[in-house]
Structures are given as structure tokens and as C-alpha cells.
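Each chain is listed here by its residues.
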Amino acid sequence: MNFTLHIWRQENARAKGHFETYPIDGISPDCSFLEMLDILNEHLINDRIAHPVCFDNDCREGICGMCGLYINGRPHGNDDGVTTCQLHMRKFRDGDEIWIEPWRAKPFPVIRDLIVDRSAFDKIIQAGGYISTTTGGVPDANMIPIPKHAADMAMDAASCIGCGACVAACKNASAMLFVGAKVSHLALLPQGRVEAADRVRKMVCKMDELGFGNCTNTYACEAECPKLIKRQNISRLNRQWIGALFGRDRRE
Amino acid sequence: MMIYPAIHYTMGGLWVDYELQTTIPGLFAAGEANFSDHGANRLGASALMQGLVDGYFVLPYTMQNYLADQIYVGKISADTREFDEAEKAVRSRINRLLGSQTSRLRFVADGTSANQSVDHFHKQLGKIMWEYCGMARNTESLTKAKQLVTELEDEFWENVYIPGTANEMNPELEKACRLEDYFELARLIIDDAMHREESCGGHFRTEHQTEDSETLRDDEHFMYVAAWEYHGHGQPETMEKEPLVYEHIQIANRNYK
Ligand code: SF4
Ligand code: FES
């Protein structure tokens, strides 16, 4: 398959970026999107055309959340429920023009080309996205009964990989889907319940402080999330937040 | 769907003590990163279990022992000889990698560039390991692997082309640094495979098999973990044997038939 790639090139956070066009041919339909970029880079290096295109990736199996790219105006491209690394070229048509951009959001500054700094997410987690209570020895399995639907909802929320597509998709650059998923995952289970009110306060304050916008109920995040995280997590986040404001469940 | 066997794990990992601490104080290795628990055969789900066991049952109780003393340790200054030495070593390694960049550019002009990307060498290394130190290996193939890896590493230093500089985000340079380690690791894996004159778990030496092609262990001579001690770049590693002693189970042969 042949493609014309328009790729965002930007030397560093302060430099002015621009699109650069690279034709590429002989790509197998079974090639993944990142493999195609590898092939392009090999060509850019071997023929001394340009500095290879920098892009983030790690696991290449949809579990680490490193690889987000804006492809033809959609975070993670035109396939639903998959990350960029799991997107295959067969999802495109031969001869397509493909526009590739980094995430665009103020809290995610570009480091180089397609790589953005997503450490803002780490800061939100550091603010409270964990369980700090020491509860003694590890309880035996099934000692604490957990309703099936709670376990299922927690599991669904826990599948968020922190990729940042929700922020990139949102016109307000809101991180509510991400924070909602993290807050829900912990608050739905007994171990996380103890600190739930405190946690939601800390994480939401951090999110605001870092410059993420607010949710105005468009749900572009839900539409683009590669892990199909549901918007109900945002509602739960709001409920938890309001509850915490009025001191419900507050334990310090 | 086509299915074929492939190498998934190297089975080994960093040596750790019972508290999962490596030989570097304060550096803990958990899950797949360490050598413990699963020995010569560690596939998919067992690696996952090890992650859970180490993270849930072991580390929360052992790491505290180390952290308890850390409360008295103040801020560590970077103005020490050790820091300077480490920095110098890293810089010289990077400079060596970027090395004769100017002489390389000469090649471009006459269009006869022999220089290759880091990925090129990485793939070659993978191919050597797959062909000669793969799931079935023997003295002959391992000797060949060792020789090929050494040759490839020489060629790497001679011909690798790394675009860009050290003072910018440079994933190619990063890959080259890793690949340099992989060469070292590849040689160690080959040495270890050569040393182990038996077939055990995921390690199949074709010289040691039963009549119907099952693995043949040699418990009399090889019932130990081989822990290799690192002595610095380019120095041969030395082996420490950690005997495997089973008190509650009787060891047997695994047979999939
Ligand atoms: S909620 Fe979805 S889009 Fe947002 S960070 Fe998590 S996985 Fe990525
Ligand atoms: S590279 Fe890990 S999710 Fe894509």
C-alpha cells in the first residue's frame, strides 16, 4: 500500500512546528501504524533525508498508554477501541493521505515531533490516586465479599491506560474521564473506600491546578477512548466530589 | 491462523535476595525482572503470578526494612567522586557512540555509505539469537552464535549511524545505548546456555534429549541456579551456584504427552 504522510515536526517545546510531507510505499496491510513509522524512520536515516520522526511507544500491545497520536483528526485513528499501536494499515485505503499530529493540550507540552509530556497525569495520580492505608496482612481471597457489579465496574474503570486521548479529544482539554476512571476504580472497592473523599478532593484540585479544563458534557472523550471507558465515571466523579465537599465520608 | 512456537522469555532476571533486593542496596527487582521463583520455565501466566506475589505478599513486608533506615539519610550531594566518575563514564560512552560522526558524513557525499541504523543491528542481533541460541541449541550453534555476536558488535561500533546529537531528544541514541547492553547480555545468555549441559525447562540442548525427543535433565550436575556476577564492561562474568534444594516436593520430569 502507498500513502502520503503529513507529519508534524517540531524540534522542541519552544520551536515552531510545521507539517512535513513524506511519501511511503510498499507497506503491507498487516503492518501496524507504528511499524509503518519505523519503516519511514529507517528510510529517513538510511537515505540521510531528515532526523527520524520521534514518537512515543513502549508495549505495542495496547496496555501501556504511551503511543497516542492524532491521526486524521482522531486520537488513536479511525478504529474504535484500539490504541495507535494496535491500529493496522488495512484500516486505511491505498493512496490515502494521512495527517499525523501530537496530542494538543496545554498541560501536555510537545517534547519533540509527536512526543508530548504527559507527566501531568502522573502528578494527578501522585496527588491521591492510590491507597495509603496499611490494613495489616493480606486477607484471604473471598474474605471480603464484593458485589459482582461493583467488581465489574471497578475492573472496567481500572482498564484506563492513562494514554491521554480523552484530553486530546476534548475541546476543553478536560481530564475528567481519566480522573473519573481512577477515582471510580478505587472508590468502588472496600480498600479504596476509606480515603475516597479525600482522594477525589486532592485529584480534582490537582487537575484544575495543572490547567485541564472542565467537562461540558460533549463526551468526545468517551467516543475516542481506546479502552472504552464510560462517561458514567465522570458522573461518579462529580457525585464523589459533591459528597466530599459536604464532608460526607470525610476521614483524615 | 498460523501458529508457531517463538521465544517469549529469557527466563532469567536480576539476582535478588529473599527480600527481593538486588546486589545494589535499595534497588529491588520484582516480578519478571528478577530470577526467582519460576526457574527454567516461566511462561505467560506464571510471570503474571510472580508479579502479583512479589508485589502483594513480599515487597510490602520487606522494603520497609530498607526504608526504615533511610529516614536518617539526608540529601545526597552530587558533588562526589562517584557521581563524577559515573557522569564521565556515561559521557564517554555516548561520545564513543556518536564517535566519528564527521567521518561518517563523508560517506554520504560519495553515496557509498556503509553505515547502518541502530535498528539494522538490533534486528541482526535478534536473528542470530533466534537462529543459534533459540529454543533448540547445541554446542555447535552456540559457538557460532558467540562468534557472530562478537563480529556484529565490532561492525556496530564501526558502522552504526546515529543521527542528531547528544544534547537533544534523540531516540536513536537511546536505542544505541540499549543495544550496546544487549550485546553484552546476548553474550552472557550464550555463555550460560553453553555451560548448562542438560535440557531443562525452556532451555533445550539438542545433545541432551530422550529417545522420543523429550528434555533430558542432569540433576546430579546441574541442580542449581547459575548466577553470573558482573565485573564491569568487557570483563568476563563469574558464576555463583545457588543449589536448588527441595524439601517438600519430589522433583519429576514434565511430560506433555
Ligand atoms: S480514559 Fe481512556 S482516553 Fe482517557 S487516559 Fe484513560 S484510556 Fe486514555
Ligand atoms: S505502545 Fe503501549 S499502548 Fe501503544
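Residues numbered from 1 in each chain as written. Chains lettered and ligands numbered in written order. Predicted model: local features only at pLDDT ≥ 70, side-chain atom pairs only at ≥ 80, totals over all residues. Heavy atoms only, no water.

Q: I tried to follow the overall build of chain A on my own but got confused; where do I start?
A: Within chain A, the regular secondary structure consists of 9 helices and 7 strands. Put simply, of all contacts in chain A between residues at least 6 apart along the chain, 69% involve residues at least 24 apart. With the model as given, the accessible surface of chain A reaches about 12200 Å², and the carbon-plus-sulfur share is 51%. Charged side chains of chain A number 30 positive and 31 negative; the gap between the two group centres comes to 9 Å. (Helix = DSSP H or I, 4+ residues; strand = E, 2+ residues; numbered from the N terminus. Contact = heavy atoms within 4.5 Å. Areas by Shrake-Rupley, 256 points an atom, 1.4 Å probe, with all protein chains shown as cover. Lys, Arg positive; Asp, Glu negative; His and termini not counted. Charge placed at Lys NZ, Arg CZ, Asp CG, Glu CD.)

Q: Please explain the domain arrangement of chain A as it appears in this structure.
A: A common way to report how large an interface is uses the accessible area buried once the components associate. All names here are of chain A. With domains assigned, chain A is organised as domain 1 (3–111) and domain 2 (118–245). Relative to domain 2, the C-alpha centre of domain 1 lies at a distance of 29 Å. Counting residues at the interface gives 18 residues for domain 1 and 21 residues for domain 2. Summed over both sides, the interface between domain 1 and domain 2 buries roughly 1500 Å², with carbon and sulfur atoms accounting for 61% of that surface. (Domains from an automatic or database assignment. Buried area = accessible area lost by both parts, 1.4 Å probe.)

Q: I keep staring at the site of ligand 1 and nothing clicks. Help me out?
A: Residue and element names in this part refer to chain A. Taken together, 13 residues lie around ligand 1, and Cys160, Cys163, Gly164, Cys166 and Cys225 are the ones closest in. More than half of the atoms belonging to ligand 1 lie within 2 Å of the grid points that define the second largest cavity. Of all the secondary-structure elements, those providing two or more residues to the shell around ligand 1 are helix H4 (165–169) and helix H5 (176–187). Across the shell around ligand 1, the residue classes tally to 11 nonpolar, 2 polar and no charged. (Near = heavy atom within 4 Å. 1 Å grid on protein atoms, 1.4 Å probe; cavity = no way out; pocket = protein on both sides within 12 Å on 5 of 7 lines; lining within 4 Å. Sits in = over half its atoms within 2 Å of the grid points. Nonpolar A, V, L, I, M, F, W, Y, C, P; charged D, E, K, R; others polar.)

Q: What should I look at first to understand the pattern of salt bridges in this one?
A: Once their charged atoms are close, side chains differing in charge can pair, the charge on each being opposite to the other. All names here are of chain B. Per the counting criterion, the structure on display carries 29 salt bridges over all chains. Its salt-bridge partner being lysine 146, residue aspartate 191 comes within 2.9 Å of it at the nearest N-O pair. In this pair, aspartate 191 is assigned in helix H6 (residues 171–195) and lysine 146 in helix H5 (residues 139–159), connecting sequence segments 45 residues apart. Among the residues examined, aspartate 191 registers a relative accessible area of 26% and is labelled partly exposed. (Salt bridge = Lys/Arg side-chain N within 4 Å of Asp/Glu carboxyl O. Buried < 20%, exposed > 50% of the residue type's maximum accessible area, 1.4 Å probe, protein only.)

Q: Sorry if this is basic, but what is going on with the nonpolar core here?
A: Nonpolar side chains tend to gather and get buried jointly when the protein is soluble and globular. Residue and element names in this part refer to chain A. Counting 36 residues, the largest nonpolar core has Phe108, Phe121, Ile124, Val167, Val179, Met207 and Phe212 as the members making the most contacts within it. When residues of this core are traced back to their parent elements, those giving at least two are helix H2 (119–128), H4, H5, helix H7 (196–209) and helix H9 (232–245). In terms of residue count, H5 provides more of this core than any other element does, 6 residues in total. Looking at which domains feed residues into this core, each of domain 1 (3–111) and domain 2 (118–245) supplies at least three. (Core = buried A, V, L, I, M, F, W, Y, C linked by side-chain atoms within 4.5 Å.)

Q: What is the right way to look at the pairing of strand S1 (residues 3–9) of chain A in this model?
A: The side chains of a regular strand alternate between the sheet's two faces. All names here are of chain A. Summarising burial for S1: 6 of the 7 residues are buried, a large majority. Where S1 and strand S2 (residues 18–24) come together, 7 bridges link them in antiparallel fashion. Its bridge partner being in S2, isoleucine 7 is matched across the sheet by glutamate 20. Judged from the 4 bridges that link them, S1 and strand S5 (residues 97–101) form a sheet pairing that is parallel. Paired with isoleucine 7 across the two strands is isoleucine 100, which belongs to S5. (Pairing = 2+ DSSP bridges.)

Q: Got a minute to help me understand the interface of chain B and chain A in this structure?
A: Each partner contributes residues to the interface: chain B has 18 residues there, and chain A has 13 residues. Across the contact surface, chain B and chain A share 3 residue pairs in polar contact (both at pLDDT 80 or more). For the side of chain B that touches chain A, the elements supplying multiple residues, two or more each, are helix H1 (44–70), helix H4 (118–132) and H6 of chain B. In terms of residues, the side of chain B that touches chain A owes the most to one element, H1(B), which gives 3 residues. Here the residues of the side of chain B that touches chain A are counted per class, giving 8 nonpolar, 7 polar and 3 charged. (Polar contact = N/O pair within 3.5 Å; in protein donor to acceptor, adjacent residues only side chain to side chain.)

Q: When you look at the packing of H4(B) against H6(B) in this model, what are you seeing that I'm missing?
A: Two packed helices can be described by the angle between their axes and the distance between those axes. Residue and element names in this part refer to chain B. Two numbers describe how H4 lies on H6: the axes approach to 10 Å, and their chain directions differ by 20 degrees. Between H4 and H6, the angle is such that the two are roughly parallel. As for the relative orientation of H4 and H6, their crossing is left-handed in sense. Together, Val118, Asp119, Phe121, His122, Leu125 and Met129 of H4 and Glu172, Lys175, Ala176, Leu179, Tyr182, Phe183, Ala186, Ile189 and Ile190 of H6 make up the contact between the two elements. When grouped by side-chain class, the residues that make up the contact of H4 with H6 number 11 nonpolar, 1 polar and 3 charged. (Axes fitted to C-alpha atoms, helices over the stretch in contact; angles between N-to-C directions. Parallel < 35°, antiparallel > 145°, perpendicular 65-115°, else oblique. Left-handed = near helix turned anticlockwise from the far one by under 90°.)

Q: Any chance you could explain the packing of helix H2 (residues 81–98) of chain B against H6(B) here in plain terms?
A: Residue and element names in this part refer to chain B. Put simply, H2 and H6 touch, their axes get as near as 11 Å, and they point 105 degrees apart. Classified by the interaxial angle, the pair formed by H2 and H6 is roughly perpendicular. Side by side, H2 and H6 meet where Arg93, Ile94, Leu97 and Leu98 of the first sit next to Leu173, Ala176, Cys177, Glu180 and Asp181 of the second. Residue composition of the contact of H2 with H6, by class: 6 nonpolar, no polar and 3 charged.

Q: I tried to follow empty space enclosed by the protein on my own but got confused; where do I start?
A: One water molecule sets the probe size; rolling that probe over the atoms shows where empty space is left. Residues and elements named next belong to chain A. Across all of its chains, the model carries 3 cavities of 30 Å³ or more by this definition. There is about 120 Å³ of room inside the largest cavity. The wall of the largest cavity is formed by 15 residues, among which Cys170, Cys215, Thr218, Tyr219 and Cys221 lie closest to the centre. Every element with two or more residues in the lining of the largest cavity is listed here: H5 and helix H8 (220–224). Of the residues belonging to the lining of the largest cavity, the class tally is 9 nonpolar, 5 polar and 1 charged. The volume enclosed by the second largest cavity comes to roughly 100 Å³. Along the wall of the second largest cavity there are 14 residues; nearest its centre are Cys160, Cys163, Cys166, Cys225 and Ile229. (Points joined across faces, edges and corners; volume = space filled by probe spheres on them.)

Q: What am I meant to see in the confidence of the model for chain B here?
A: Any region with low pLDDT has predicted coordinates that should not be read closely. Residues and elements named next belong to chain B. Confidence along chain B averages 87 in pLDDT terms, with 93% of residues attaining 70 or more. For the stretch residues 105–112, pLDDT sits under 50, and the model shows 5 contacts to residues farther than four places along the chain or on other chains. Interface scoring of the predicted complex returns ipTM 0.83; its pTM is 0.87. (pLDDT = per-residue confidence, 0-100.)

Q: So what exactly am I meant to see when it comes to the domain arrangement of chain B here?
A: Residues and elements named next belong to chain B. For chain B, the assigned domains are domain 1 (6–70) and domain 2 (81–243). Of the residues lining the interface, 8 residues belong to domain 1; the matching set on domain 2 comes to 11 residues. It is Ile7, Trp15 and Ala40 that lose the most area in domain 1 upon contact with domain 2, and together they represent 56% of the buried surface on that side. Across the contact surface, domain 1 and domain 2 share 0 salt bridges. Linking domain 1 to domain 2 there are 1 residue pair in polar contact (both at pLDDT 80 or more).

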